There are 2 protein chains.
Amino acid sequence: MADKCILLDHGSGGLASQELISSLFVKHLDNPTLRGLEDSAVLERPAGRLAFTTDSYVVDPIFFPGGDIGMLAVHGTINDLAMRGAQPLCLSLGLILEEGMALDDLERIVVSIAACCRDSGVPVVTGDTKVVPRGKGDKIFINTSGIGVLADGIDISSKNAREGDVILLSGTMGDHGITIMTRRAGISMQGRLESDTRPLHRLVQRLLEGLPGGVRTLRDPTRGGVATTLNEIAANSGLGVELREEFLPVRPQVRAACELLGLEPLYLANEGKLLAVVSADQAETALRIMRETDEGAEAAIIGRMVGGKAGRVVITTPLGGMRMVTPLHGEPLPRIC
Amino acid sequence: MADKCILLDHGSGGLASQELISSLFVKHLDNPTLRGLEDSAVLERPAGRLAFTTDSYVVDPIFFPGGDIGMLAVHGTINDLAMRGAQPLCLSLGLILEEGMALDDLERIVVSIAACCRDSGVPVVTGDTKVVPRGKGDKIFINTSGIGVLADGIDISSKNAREGDVILLSGTMGDHGITIMTRRAGISMQGRLESDTRPLHRLVQRLLEGLPGGVRTLRDPTRGGVATTLNEIAANSGLGVELREEFLPVRPQVRAACELLGLEPLYLANEGKLLAVVSADQAETALRIMRETDEGAEAAIIGRMVGGKAGRVVITTPLGGMRMVTPLHGEPLPRIC
């Protein structure tokens, strides 16, 4: 590429756009469907119902320990499909670039997207690039939408939780949120902090296969964290949630950073964790299945669904105290994902 | 809504986000699939292959004669699906809002999106909202992705054009581009200039029904205009394109504005027009079908596909002259859509 940075011309739809598409997107993301470069991608008739989701990614900084904005955009949308029990089929990729963005940074992000697509087996099949003038954007915003296929009989929803069901968390809380936060604050902590960004669709498939009919609800606690997601599950199911504080998995370095910054890990974003609500008799099986995977190696049973406290989340402390956990109110950190 | 403008908190994923979703998005865009508000929408198993497309909209100004950014976002993605011959099924809606955007403007756009969805019969089934700090965006950027269903036997592609095929344009050129351009330049013209934004999926269905097997290629000449789109058709089909200048439909007020600004209507963006390449023996039928519709009332036969000039577009003038029409090079106007 002759130019060193993004020009308005790259978003014109003319020659410069075509050069960007062939020298960058087709080069790294190539697959037979994308290669057509028509107005829409065409996909074979799917073998089930569809799941469809969209997310925009505006994280700042665009590169951070453990990942980058492209990685989030692939994993986040795959995970949203997986949380309905769907097998992710393909992604779209919509970029909004700021004039003056370094082409090297863009290429690094596209290479990262390509690696995530290969690793997760979910291709980008259609895309779009717009360029806005300097000062009207911030380097790069990414939208990924995704289509997944939902096998017959799968019905995963936050409405499905039942009284007595057990709640599992697939790993530690707050790794992504605290990584972005300390990086933005310029704080350096002892012990490595890095984002937990990763795809969860394989873990979900193992749960669905291992617990037929036993998985009620799957949610990934991203923005707003575990606290906000559990409040949504409580509200949608008309039940209460009881958590045991001592069971909540948090890395020591994340806890230390939270104490320093006065933050609660329950509200920090995660980008590679899921909450699963499963029937009580299958909870131990679910825990075993999770722990057998890389994604769920640090999984824990963290609480249960209870009657009589509809829509509320309470946490019991090791000393027997109890407190309410409300949904996130006020933005602790903009542009976390 | 108590607040008068968008706050960072509206993008937090917490309470303020939920308030925005219920008071604005669910209120205006309501449908059974969207109402679930899960991580993904679930759709019934489709009756054919899928078309999948994505587009981001960054137009400036966000309101303009004949439309707004929300209208473009619905129509543009519907049209990208229709250009493969697909019946649009549903849309996703991803918003990136700038802190400080007037809530009234956002509501006006959501109301417009809702009206376009109702009018076109294509619902928004899943969405996402992010907020970036003041000065890191520009009021609102919208991504819409869309899924369509492709009936068996339909194969519409810019590769399919054959020598001797006839090229039709469904109406006048440049209305959208010149409207945005004069508005941004603060120029007031005699005669009404307004965007041509509109959905084309119904026109496409009538063409497919009326010309079984006769429609080779459909493309909507948006960014880069008719000139750039025809160059892509020529390149992809390995044929040449011959246009007749006197057949190209342009409104008098658009022509006048183009002369004033030194612009060529062939390169101006359209948001409610399509180019159709059809077999020569069905060209008159195609023209009649188009002219019977509102969308195609001013349709014209503008040229044909020829051998021996692979990848090139030439235009003949009324005096018998000939000139090459190259793809757009250099950006005549950023943020046109």
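Throughout this description, residue numbers start from 1 for each chain and increase along the sequence as written. By the order in which they are written, chains take letters starting at A while ligands take numbers starting at 1. With the structure being a predicted model, the display of local features is reserved for residues of pLDDT at least 70 and the display and counting of side-chain atom pairs for 80 or more, all residues being used for whole-chain, interface and lining totals. Neither water nor hydrogens contribute to the side-chain values; these are computed over all heavy atoms in the structure.

If you look chain A up in an unreviewed UniProt entry, it shows as Hydrogenase expression/formation protein HypE from Desulfoprunum benzoelyticum. UniProt positions are given in the numbering used here, feature names are shortened, and annotations may be inferred rather than shown by experiment. Listed in UniProt under the heading Sequence similarities (unreviewed entry), the comment for chain A reads: "Belongs to the HypE family."

Runs of H or I in DSSP of at least four residues are treated as helices and runs of E of at least two as strands, each being numbered from the N terminus. Looking only at helices and strands, one finds nine helices and 14 strands in chain A. Scaling as 2.2 N^0.38, a compact globule of 337 residues should have a C-alpha radius of gyration of about 20 Å, and chain A matches this with 21 Å. Once the C-alpha set of chain A is aligned to its principal axes, its extents read approximately 65 × 50 × 30 Å. Burial classification: accessible surface area is computed with a 1.4 Å probe over protein chains only, and a residue below 20% of its type maximum counts as buried, one above 50% as exposed, and the rest as partly exposed. The 337 residues of chain A split such that 63% are buried. In the form shown here, chain A has an accessible surface area of approximately 12100 Å², with 49% of it arising from carbon and sulfur atoms. This count recognises Lys and Arg as positive and Asp and Glu as negative, with His and chain-terminal groups excluded. Where a charge lies is defined by one atom per residue type: Lys uses NZ, Arg uses CZ, Asp uses CG and Glu uses CD. With 34 positive and 42 negative side-chain charges, chain A shows a separation of 4 Å between the mean positions of the two kinds. The globule rule used here is 2.2 Å times the number of residues to the 0.38 power, and the radius of gyration it is set against is calculated over C-alpha atoms. The Shrake-Rupley method, run with a 1.4 Å probe sphere, supplies the accessible areas, and residue values consider only the shown protein chains as cover.

Another point: the domain arrangement of chain A. Residues and elements named next belong to chain A. Its domain assignment divides chain A into domain 1 (8-150) and domain 2 (166-324). The straight-line distance from the C-alpha centre of domain 1 to that of domain 2 is 28 Å. Facing the 23 residues of domain 1 at the interface are 22 residues of domain 2. Two parts placed together each lose some accessible area under a 1.4 Å probe, and adding up what both lose gives the buried area. Here domain 1 and domain 2 share an interface that buries about 1900 Å² over both sides, 59% of which is from carbon and sulfur atoms. The working definition used for a salt bridge is a side-chain nitrogen of Lys or Arg within 4 Å of a carboxyl oxygen of Asp or Glu. Remark: the boundary between domain 1 and domain 2 carries one salt bridge. Of the charged contacts, one joins Arg-184 and Asp-60 as a salt bridge, the two residues approaching to 3.9 Å between their closest N and O atoms. We call two N or O atoms a polar contact when they sit within 3.5 Å, provided that within protein one can donate a hydrogen and the other can accept it, with sequence-adjacent residues counted only if both atoms are side-chain atoms. Remark: the boundary between domain 1 and domain 2 carries nine residue pairs in polar contact (both at pLDDT 80 or more). Those elements giving two or more residues to the side of domain 1 that touches domain 2 turn out to be helix H3 (69-82), strand E5 (87-98) and helix H4 (103-120). Taken together, the residues of the side of domain 1 that touches domain 2 sort by class into twelve nonpolar, eight polar and three charged. Those domain boundaries reflect an automatic or database domain assignment. Whether two residues are in contact is decided by their heavy atoms, any of which lying within 4.5 Å being enough. Three classes are used, and their members are as follows: Ala, Val, Leu, Ile, Met, Phe, Trp, Tyr, Cys and Pro are nonpolar, Asp, Glu, Lys and Arg are charged, and the others, Gly among them, are polar.

By the secondary structure assignment, Leu239(B) is in the loop between helix H7 (225-237) and strand E10 (240-244). Expressed as a C-alpha distance, the spacing of Leu239(B) and Arg162(B), which sit 77 residues apart in the sequence, is 7.5 Å.

Moving on, we get to the nonpolar core. Formed by 73 residues in total, the largest nonpolar core has its most connected members in Leu106(B), Ile140(B), Leu230(B) and Leu266(B). Among the elements that make up this core, the one with the highest residue count is helix H4 (residues 103-120) of chain B (eight residues). Counting 72 residues, the second-largest nonpolar core is a separate cluster that includes Val59(A), Leu103(A), Tyr267(A) and Met305(A). Throughout, nonpolar core names a set of buried Ala, Val, Leu, Ile, Met, Phe, Trp, Tyr and Cys residues whose side chains join them through atoms within 4.5 Å.

With that settled, consider the relation of the copies chain A and chain B. Mapping chain A onto chain B calls for a screw motion: a turn of 180 degrees about the axis and a shift of 0.0 Å along it, with 0.0 Å RMSD after fitting. Those values place the two copies in the arrangement expected of a two-fold rotation axis. Scanning chain A for the C-alpha nearest the rotation axis identifies Gly137(A), at a separation of 2.1 Å. When the interface residues of chain A are mapped onto chain B, 99% of them again lie at the interface, so the same face is used by both copies. Least-squares superposition of the copies uses the C-alpha atoms of those residues scoring a pLDDT of at least 70 in each of them.

The next thing to look at is the interface of chain A and chain B. Tallying the contact residues gives 76 residues for chain A and 75 residues for chain B. It is Asp39(A), Phe52(A) and Arg223(A) that lose the most area in chain A upon contact with chain B, and together they represent 13% of the buried surface on that side. On inspection of chain A and its partner chain B, the count reaches eight salt bridges. Of the charged contacts, one joins Lys130(B) and Asp55(A) as a salt bridge, the two residues approaching to 3.2 Å between their closest N and O atoms.

Attention shifts here to the UniProt feature "domain: PurM-like N-terminal" (unreviewed entry) in chain A. Feature annotation in UniProt assigns "domain: PurM-like N-terminal" (unreviewed entry) to the following positions: residues 38-149 of chain A. Annotation note: span residues 38-149 of chain A, helix share 29%, strand share 42%, distance between end C-alpha atoms 23 Å.

This paragraph deals with the side chain of Thr229(A). Residue and element names in this part refer to chain A. Tracing the backbone through its elements, the reader meets Thr-229 in helix H7 (residues 225-237). What makes Thr-229 buried here is its relative accessible area of 4%. Once residues lying within four places of it in the same chain are set aside, the contact partners of Thr-229 are Arg-219, Asp-220, Pro-221, Thr-222 and Leu-275.

With mixed pairing, the five strands of this open sheet are ordered in space as E6(A)-E5(A)-E7(A)-E2(A)-E1(B). The two strands at the open ends of the sheet, each matched to only one other strand, are strand E6 (124-132) of chain A together with strand E1 (41-43) of chain B. Strand-to-strand twist across the sheet, computed as the mean angle between neighbouring axes with direction ignored, equals 15 degrees. A pair of strands is considered paired only if DSSP assigns at least 2 bridges between the two. Across eight bridges, E5(A) lies against E6(A) in parallel orientation. Bridging across to E6(A), Leu93(A) finds its partner in Gly127(A). Each axis is a line fitted through C-alpha atoms, taken for helices only over the stretch in contact, and angles between the N-to-C directions span 0 to 180 degrees. Contacts between H4(A) and the sheet are confined to E5, E6 and strand E7 (140-150) of chain A, with E7(A) contributing the most and set at about 15 degrees to the helix.

Between 30 and 60 degrees the pair is tilted, below 30 it is stacked and above 60 it is edge-to-face, where a pair is any two Phe, Tyr or Trp rings, Trp via its six-membered ring, whose centres lie within 6.5 Å. In this structure the tally under the stated criterion is two aromatic pairs over all chains. Centre to centre, the rings of Phe141(A) and Phe141(B) are 6.4 Å apart; their planes meet at 45 degrees, and the pair counts as tilted. Of the two residues, Phe141(A) is situated in strand E7 and Phe141(B) in strand E7 (residues 140-150); the pairing between them involves two chains. A relative accessible area of 1% places Phe141(A) in the buried class. A ring has a charge above it when a Lys NZ or an Arg CZ is no more than 6 Å from the ring centre and no more than 35 degrees off the ring normal. Taking the ring centre of Phe63(B) as reference, the NZ or CZ of Arg108(B) above it sits at 3.6 Å.

The next subject is the side chain of Arg49(A). Assignment of secondary structure puts Arg49(A) in strand E2 (residues 49-57). One buried charged residue, Arg49(A), remains without a salt bridge, the closest side chain of opposite sign being Asp152(A) at 4.8 Å. Within the structure, the side chain of Arg49(A) is placed 3.0 Å from the backbone oxygen of Ala151(A), a separation counted as a polar contact. Excluding its chain neighbours within four sequence positions, the residues that come into contact with Arg49(A) are Gly148(A), Val149(A), Leu150(A), Ala151(A), Asp152(A), Gly153(A), Ile154(A), Val42(B), Leu43(B), Glu44(B) and Arg45(B).

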